[in-house]
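# Report on the structure
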Amino acid sequence: MKKILLIAVMLLSVVSFASAQNEAKIKFDKLTYNFGKFSVNNPVQEASFNFTNEGKSPLVINQVVTSCGCTVATYTKKPIAPGASGTIKVKYDGKGRFPSHIKKMITVRTNGVPEMVRLYVEGDMTVPQGK
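Let me begin by describing the structure that accompanies this report.

## Here we look at the pairing of strand E3 (residues 44-53)
Along E3, the buried face is formed by Gln 45, Ala 47, Phe 49, Phe 51 and Asn 53; none of Val 44, Glu 46, Ser 48, Asn 50 and Thr 52, which line the opposite face, is buried. Relative to E3, strand E1 (residues 26-28) is paired through 3 bridges, and the arrangement is antiparallel. What sits directly across from Phe 28, in E3, is Phe 51. Bridge count between E3 and strand E6 (residues 85-93): 9 bridges; the pairing is antiparallel. Counted as the bridge partner of Ser 48 is Lys 89 from E6.

## Observations regarding the environment of Glu 54
You can see Glu 54 is positioned in the loop between E3 and strand E4 (61-66). Taking the C-alpha atoms as reference points, Glu 54 and Ile 26, 28 residues apart in sequence, are found 6.2 Å from one another. Contact partners of Glu 54, with chain neighbours within four places excluded, come to Lys 25 and Lys 27.

Cut-offs used in this document
Residues numbered from 1 in each chain as written. Predicted model: local features only at pLDDT ≥ 70, side-chain atom pairs only at ≥ 80, totals over all residues. Heavy atoms only, no water. Buried < 20%, exposed > 50% of the residue type's maximum accessible area, 1.4 Å probe, protein only. Helix = DSSP H or I, 4+ residues; strand = E, 2+ residues; numbered from the N terminus. Pairing = 2+ DSSP bridges. Contact = heavy atoms within 4.5 Å.

Right under this line is the structure:
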């Protein structure tokens, strides 16, 4: 009985290891995009986050969630083939907001490794001199 249980555990381990080798793997060029200083007169800023599927299976982005309604993310809904690249575009709209330092989080959930990645956009919205 112990031998059968041991063989079953070893077989399960080998199968789990083999399937892990065939997973999708997301790799971003950068995790933070800094808008720098921008004026309240030009409050809409855009950023792009490029990524590559470094895995051996198609990568699917299941969900992209922003931390605030002032930030919107768009992304491809189609699977990304192994070795192929994609982009997540983020738009920050500071209209009607007080000038200040901003830092917004974008959470990306995938079928790959890692399953969750956090991206950030940040910058300083300022009032032009003399106003």
